[in-house]
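# Topology and contacts: notes
Chain by chain, the residues run as shown.
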Amino acid sequence: MPQLPHHSLVVVADVGAGPFRVGDEAMLAANLETLRRLDPGVRLTVIGRSAAAAGEREVAAALAKADGLFVSGGGNLSSTWPELFRQRIALMREARRRRLPIVTGGQTLGPGLTAAERAALAAALAEVEHLGVRELPSAALALQMGLPPERLSYQPDDAFFLAGRPPAVEEVPEEPFLALTLDSTFAAPSSRTGLRSLAAQLARFAAEAGVHLAFLPHVGPLGALGDEDGRAGIALGQILQAKGIGCTLLPVMPPAETAWLTQRAALVVSSRYHSLVFATAAAIPSLGLYRDAYTRIKLQGALAHVGQETWCLPVAAAEEGGLVVALRRLWDGREAARATMARARERLALQEERRWQRLLARLGRLRESGAEPGPTPLGWPADQLAAAALASLALERQASDTETQHWRSAVIYLERSVDLASHALRGGRGKTMERRTVLNEQQWNDYARDGFLPLGKVLEPADLDALRQRADDLAMGHVSNPEVLMQLDTGGAYEELPAAVRSFDDGTVRYRKIQGLETDDLFSSLVRHPLFLEICANQYGRHAAISIFRAMVMNKPAGQGTVLPWHQDGGDVWALDRDPLVTLWVALDPATRANGCVEVVSGSHRLGLLSSFGSTVGEEDVKRHCLPERVLPLEVEAGHAVLLHNWLIHRSGVNPTPAPRRAFTACYMDGRTQSTLTGKHFPIVAGSLPAEPYPFVRQLSDDCAALRESLAQAEAYAHSLEEAREKLERYVKSLEQQRRAGPLGWLSRVRARLAVR
């Protein structure tokens, strides 16, 4: 590159005042390094976070002697960061007034923008010579706002190629290690139950994979664990320490040191964006955790550049046991993931070289080269961009469906709470269940000793036929119930079972589980069987209302079934503020040793929960407590029931016979039980709650109305995604036609083809 006259460039970045943010500092450092390397004559002036509140005069002064404006990458062009959003808009407006070229690094646009912010951003982008975006949803938004596609570049994060250096800290985690970064929301009191669940799953995975745990904060005081992310690290470390698991807690380090250490990890789990950027740049398998759409789009965007966009998990799903399942899958497929990421890095390096050439040309520092061979919209080969765009839309649609269902469930639960409150207010004091004598003292003594009790026949043959048929009709799609979820039985490992869904693509009776049956008119009558409610009254007290945690059919399909390992029903994984104790189990088909009946460890409920997390029993506890002489098969005739204590250790096998083995199971709770994740109560099946727990009935009604509005918006968004998918499918076809016809006329057509409404 020939020597050019000195050139003054103002660089705006999210650095300076406030806590040290590794990612923002990393993007600035990478951009400054590249600018100085490619343009040695450049003079750089950095405007940081402290200038976000500057007035028009200060903004004008900052650009008075500049020859151009460079906006370093970041996620500040959204409603999430209003002060920083306004700062960037003001700087771009002033640069436009002074006729200065404006270029940016990798930006995240939106997704949250008010109408006024959207209009301001569209006006500002109209004068940008080069806009870099880190995610395809951001690219779609820019095109929708009218930005010509030739000014747009789809790029990895600015810090993707940042070189690392060994850290100065004394304690470096022992390899192999899992690098973990959680933001400060995980340290909130309301998140403590979820954090305990994550800790238990991390401890379990670390033991299985033979890796150490290390916490790498990204936001907080430099050189200290301190506040922000550090609070989550300290809280996690305390929980793990109580479980006898060590976790190296590292301080906030400079970007290059953080990148170096992250890239030595065997695996990365993070709710922070730049952990994934650093990791994927070195082909380290990574898993993102998100709480909202803004974070999801960023994390999936970071992973998408190396073909790993599906490795993102909602925090709620992770807390409910999904973390350890995802980590096992990622660990088992780590070699293939590394190979995919390594190939992607080679391609990205070439694209980044071309991007910087275009960027400098638009700053007037380099002559822009001629057209590159073949159509390269947004700086990518057309076929790769089309595939990435379709994958992005699929993820958006999936997220929209999930979020829509979340709001629908929230509305339903709130409305149930309103109904319960209204009933309690009308009825005055809570009802007491009528005293009845069904089980004798000896039976209760047997149950206290063994943890299970056969109850005899509770269903007649006609009732059995109706319930079996209803379960199969739900699975086949002959009967629809939006509150029911179903899980397919793959016959594989328990840890690899697919997630529950609203319906199967093709109806099948090879299901493993159908849950939510307390909302089914046939099964709900079984939930309220007088014998079952009498047992609950004995266990929880006759004054207590009784609620239902779950009611479901468990199935061992003919010739198949999944091995259910030794486990207990309870613990943090259930996310309840008190432990349920009563489960009623009813055989819909004969349960025998031959078809995989339930096996129990007699008396094991008296051990209590062997893990605060609950669920699967560890190998050491299996060796200690599940001795063959204590294991009993529960062979049960069709229509007969068994009372089970939730802490009883139990398992079940496969079903090699030609007939299915179905059973109905319901878990009953004290009606006051609440979810520690949402604060909601559960459907009442007997008795009633007093009015006191529901003093805000009017507020709940208002919340229902607001959530219904949110639901309508979410469904409208889902419809728009479907329209966008159809447009992109047409776009892919056009790319194929253009590849055959050659690149002539590409730029005149790409804007209309790629625009997303």
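For the structure itself, look to the data block above.
Residues numbered from 1 in each chain as written. Predicted model: local features only at pLDDT ≥ 70, side-chain atom pairs only at ≥ 80, totals over all residues. Heavy atoms only, no water.

## Things to note about the nonpolar core
Which entries qualify depends on this criterion: Residue types Ala, Val, Leu, Ile, Met, Phe, Trp, Tyr and Cys, when buried and joined through side-chain atoms within 4.5 Å, form a set referred to as a nonpolar core. Buried means the residue's accessible area, taken with a 1.4 Å probe over protein chains only, is under 20% of the maximum for its type, while exposed means over 50%, and partly exposed covers the values in between. Helix numbers and strand numbers start at the N terminus; a helix is a DSSP run of H or I with at least 4 residues, a strand a run of E with at least 2. The contact rule is simple, with two residues in contact once any of their heavy atoms fall within 4.5 Å.
Of all hydrophobic cores here, the largest spans 110 residues; its most connected members are L178 and L287. No other element matches the eight residues that helix 11 (residues 315-332) contributes to this core. Once you skip the residues sitting within four places of it in the chain, L178 turns out to touch L202, F205, V211, H212, L213, A214, L267, V269 and L327. In terms of nonpolar packing, the next biggest core, distinct from the first, is built from 43 residues, L455, L474, C536 and L643 among them.

## A few points about the state of the cysteines
How we decide: Here, two cysteine sulfur atoms that lie within 2.5 Å of each other are counted as a disulfide.
One pass over the structure, following the stated rule, counts zero disulfides. Looking at the unpaired C536, the closest cysteine sulfur is the one in C667, lying at 9.0 Å. Of the residues examined, C536 reaches a relative accessible area of 0% and is grouped as buried.

## Quick notes on the pairing of strand 6 (residues 102-109)
Under the convention used in this document: Two strands are said to pair when DSSP picks up at least two bridges between them. Note on handedness: a clockwise path from strand one over the helix to strand two, with the strands aimed away from the viewer, defines a right-handed crossover.
Counting buried residues along strand 6, eight of its eight residues qualify, which places the element largely inside the surrounding structure. The sheet contact formed by strand 4 (residues 68-71) and strand 6 spans three bridges and is parallel. Bridge pairing links L69 to I102 in strand 6. Relative to strand 6, strand 5 (residues 74-77) runs parallel, the two being bridged by two bridges. Residue L77 lies in a different strand from strand 6, and its bridge partner there is L109. Each parallel crossover has a hand, and for strand 5 linked through helix 3 (residues 82-97) to strand 6 it is right-handed.

## Observations regarding the sheet that holds strand 22 (residues 598-601)
With antiparallel pairing, the five strands of this open sheet are ordered in space as 23-20-26-22-24. Each edge of the sheet is formed by a strand with only one pairing partner; in this case those strands are strand 23 (615-616) and strand 24 (631-633). Pairing analysis gives two bridges linking strand 20 (residues 564-568) to strand 23, with the strands arranged antiparallel. The residue bridging H567 from the neighbouring strand is T616, located in strand 23.

## Some points on the environment of D183
Under the convention used in this document: Contacts described as polar in this section are N or O atom pairs within 3.5 Å, which, within protein, must combine one atom able to donate a hydrogen with one able to accept it, while residues neighboring in sequence count only if both atoms come from side chains.
Following the sequence through the fold, D183 ends up in the loop between strand 9 (177-181) and helix 6 (192-209). On the basis of relative accessibility, which here comes to 13%, the residue D183 falls in the buried class. Counting along the chain gives 87 residues from D183 to S270, while the straight-line C-alpha distance between them is 8.4 Å. A polar contact of 2.7 Å, which involves the side chain of D183, links it to the side chain of S271.

## Considering the pairing of strand 21 (residues 582-587)
The buried fraction of strand 21 amounts to six of the six residues, a majority that puts the element mostly inside the structure. Taking every second residue as pointing to the same face, both faces of strand 21 are buried, with V582, L584 and V586 on one and T583, W585 and A587 on the other. Where strand 21 and strand 25 (residues 640-645) come together, five bridges link them in antiparallel fashion. Across the sheet, residue V586 finds its bridge partner in strand 25, namely A641. Where strand 21 lies against strand 27 (residues 661-670), six bridges are found, and the strand directions are antiparallel.

## Examining the sheet that holds strand 13 (residues 267-270)
Sheets are built from strands paired through backbone hydrogen bonds, the pairs being either parallel or antiparallel. Under the convention used in this document: Every angle, taken between N-to-C directions, lies between 0 and 180 degrees, and every axis is a line fitted to C-alpha atoms, over only the stretch in contact when it is a helix.
Here six strands make up an open sheet; going across it, the order is 12-10-9-13-14-15 and the pairing parallel. Each edge of the open sheet is held by one strand with a lone partner, namely strand 12 (247-249) and strand 15 (312-314). Looking at each pair of strands side by side, their axes are set apart by 20 degrees on average, direction ignored. Here three bridges tie strand 10 (residues 212-215) to strand 12, and the two strands are oriented parallel to one another.

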